[in-house]
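# Per-entry structural report
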Amino acid sequence: MASSRVITQPLSRRQLLKGGAALGLGSAAALGLRPSWADPWGQTSAYAKGIEEGPEVSLAIRRESLPIAGQEAHPISINGTSPGPLIRLREGQDAVLRVTNLLDEPTSIHWHGLILPPGMDGVPGISFAGIAPGETFTYRFPVRQNGTYWYHSHSGLQEQLGHAGPLIIDAAEREPFRYDREHVLLLTDWTFEEPMAVFRNLKTAEGYYNFQERTVADFFADVRERGFAATAERRGMWARMRMSSRDIADVTGSTYRYLINGHSPEENWTALFRAGERIRLRIINGSAMSYFDVRIPGLRMTVVAADGQPVQPVPVDEFRIAVAETYDVLVAPEDDTAYTLFAESMDRSGYARATLAPREGMEAELPERRRIADRGMEAMGAHGMAGMDHSTMEGMDHSGMGDMDHSGMGGMDHSGMGGMDHSTMEGMDHSGMGGMDHSGMGGMDHANMPGMEPSDMEGMDHSTMPGMDHSAMPGISGEQDRIAAGGMLAAGAAQPGSRYDQAGIGIDPDERRVLVYRDLKAFTPWPDRREPGRELELHLTGNMERYMWSFDGRKFSEVSGPIHFAKDERLRLILINDTMMEHPIHLHGMWMELENGQGELIPRKHTLNVKPDERVSALITADAEGSWAFHCHLLYHMDAGMFRVVEVS
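Below, the structure is looked at part by part. (Residues numbered from 1 in each chain as written. Predicted model: local features only at pLDDT ≥ 70, side-chain atom pairs only at ≥ 80, totals over all residues. Heavy atoms only, no water.)

### Topic: the overall build of the protein chain
Threshold: The way it works is that DSSP assigns letters per residue, a run of H or I at least four long becomes a helix, a run of E at least two long becomes a strand, and they are numbered from the N terminus. Only protein chains enter the accessibility calculation, which uses a 1.4 Å probe. A residue is then buried if its area is under 20% of the maximum for its type, exposed if over 50%, and partly exposed in between. In this analysis, two residues are considered to be in contact whenever any of their non-hydrogen atoms come within 4.5 Å of each other. With residues, only the protein chains shown are counted as cover, and all accessible areas are computed by Shrake-Rupley using a 1.4 Å probe.
The number of helices and strands found in the protein chain is seven helices and 32 strands. Residue burial in the protein chain is summarised as follows: out of 649 residues, 59% are buried. The long-range fraction of contacts in the protein chain, counting pairs at least 24 apart against all pairs at least 6 apart in sequence, stands at 78%. Accessible surface, the protein chain: about 24900 Å² in total, of which carbon and sulfur atoms supply 50%.

Take a look at the structure:
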């Protein structure tokens, strides 16, 4: 059984340096000059440098002055570096990770994506008390997987202060691909503001960090493209919703410096290679709030793993990586030249940059920056879904709902667009609803309706369309052949309303080959082939103006208990995004098998990106007894209330 030991003696500076040396850090790294895992030669049989493999590792957490992006900063360091050291374990080991807290406040480490006992998961207040100042907590768990993962604090907003690092688990058996060298690239977003100040600013003014709002010049450009009436109507709709079409990211490059392995674009962190080698890039989005679009101009990438799990190879030119996701890609540069690894923030307010080169000091040209995109109909639809009037949809067949008791919806008012309260629908079991499909309302693609232009939809009131035939809409017809015996979609089938064939806002699929969720296919089927026994539907909800984020309309502080999974049950989790923002949703302790239409080869993930007005689903085998965190991995969304506890019993 997993256990821990508490030591109340804090580490001295000498002990810290000694511990850093034991980890392969060396004195320079331990003094905060550079994470040793960011060695330019990478981890290979010939150039293995600076990495001390487990199973026993010691970590010391403190706050100290270190340079970041050319300025003096005060991050949280782990063994003297920020980000922290790479922890390298091996599948089949019993890991022993001793974490000493030298801060003046409690801290923690969560091992993101690892399957382990609940007491070792590292979330204070769930099944772990946290690590008090001056104490050492020992994490002990069997390493039952391999791949690319990361670790970070789960205490307050410490993650924003650099309390994170990469975690690599080497496979016990041969992997399904070959490479000559590897490099780890950890993407982060750093602000010189205190995280609580950032949170206060977000609560004070909607769009506080958005310096890319539409201008008069943009207005006249729209008039030339769409005409005055359509432009004025569109602007009016956004104004009435008191939102901006350019609400792409809550926190932007106006305060963030985007970093790769702790280095700013100007510092040009360089990963070395020899021409003709095949290189594995382990790319981790360890940022607090930022999505990135990653590409290497002139060099095609082949995606071979997602969230640490192998997938069938997908050749791409670019991929979007949500917060907390990881992707492994292979590249094979043939020429003796430099390449830019370019990670552009989704809102185009900044970028992180590194260089792949055969020699230090080389640089490649930076690609042209793209302009910020505008939210479209899908975001408006998401905003409307929060209070959609279902009462006038006369053509909708509710007869499959059997004897469902609506009384538990406690006074829900469908007549107002802003008043629908999903909170009383918490944990509703849809398995007996005879295949009822809600998805035609969320994620509906109006652009594909014959003769319908997006501009014609502006201001249209769908609630006054009695008898509207939803079966003719894209994504609704043809579903009947995918319905299993229990009245639900067959395991692995994509939900109507999902948009797995789209990378997301600001990506032009005609420009280059971009990875989408539909591309992800497991290398082999996962062990549990059962159909789901029930469905659990959760709405992602929020209020941008008040900066409140929640599930089913209720913040974590407002819920009365956990979400219950029965031990060893097979269930389908359906996530419906009623907001106009992307949300990376993370379940601790268990895998989510993304139902992206790949049948038995649906991919396993620990974090799912859900786009605005999208409906996605995942199969879960509830084999991990205990209490587990479930939340949006946008740090300030989680802190604002988009957090729940899942109880498996």
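On we go.
### Points about the sheet that holds strand β14 (residues 279-285)
Note the cut-off: For two strands to be treated as a pair, DSSP must find no fewer than two bridges joining them. For helices, the fitted axis covers only the stretch in contact; all axes are lines through C-alpha atoms, and the angles between them, taken along N-to-C directions, range from 0 to 180 degrees.
Reading across from one edge, β12-β11-β14-β19-β16-β17 is the order of the six strands in this open sheet, with mixed pairing throughout. Each end of this open sheet is capped by a strand with a single partner; those strands are β12 (256-260) and β17 (309-316). Across the sheet, the mean angle separating the axes of adjacent strands is 20 degrees when strand polarity is ignored. Pairing analysis gives four bridges linking strand β16 (residues 301-306) to strand β19 (residues 326-331), with the strands arranged antiparallel. Bridge pairing in β19 links Ala-306 to Tyr-327.

### Observations regarding unusual backbone geometry
With an omega of 0 degrees, the peptide bond between Ser-82 and Pro-83 qualifies as cis. A positive phi angle, close to 55 degrees, is found at Asp-307, a residue other than glycine. Looking at the secondary structure, you find Asp-307 in the loop between β16 and β17. The residue Arg-348 is not glycine, and still its phi comes out positive at about 65 degrees. Following the sequence through the fold, Arg-348 ends up in the loop between β20 (339-345) and β21 (351-357). For Arg-348, a relative accessible area of 3% gives the class buried.

### Description of the environment of Val-314
Secondary-structure assignment places Val-314 in strand β17. Judged by relative accessible area, which is 5%, Val-314 ranks as buried. Considering only alpha carbons, one finds Val-314 and Val-514, 200 residues apart in sequence, at a separation of 9.9 Å. Beyond its immediate chain neighbours, meaning those up to four positions away, Val-314 contacts Met-301, Thr-302, Val-303, Arg-513, Leu-515 and Asp-519.

### What to know about the pairing of β20
Within β20, seven of the seven residues are buried, which leaves it mostly tucked inside the rest of the structure. In β20, alternate side chains face the same way, and those of Tyr-339, Leu-341, Ala-343 and Ser-345 on one face and Thr-340, Phe-342 and Glu-344 on the other are all buried. Examined bridge by bridge, strand β15 (residues 292-295) and β20 share four bridges and lie antiparallel to one another. Looking at the pairing, Asp-293 lines up with Glu-344 of β20. In the sheet, β20 pairs with β21 via six bridges, with the strands oriented antiparallel. Residue pairing across strands places Tyr-339 opposite Leu-356, the latter belonging to β21. Counted along the chain from β20 to the antiparallel partner β21, the turn is five residues long, and its residue Arg-348 has a positive phi close to 65 degrees.

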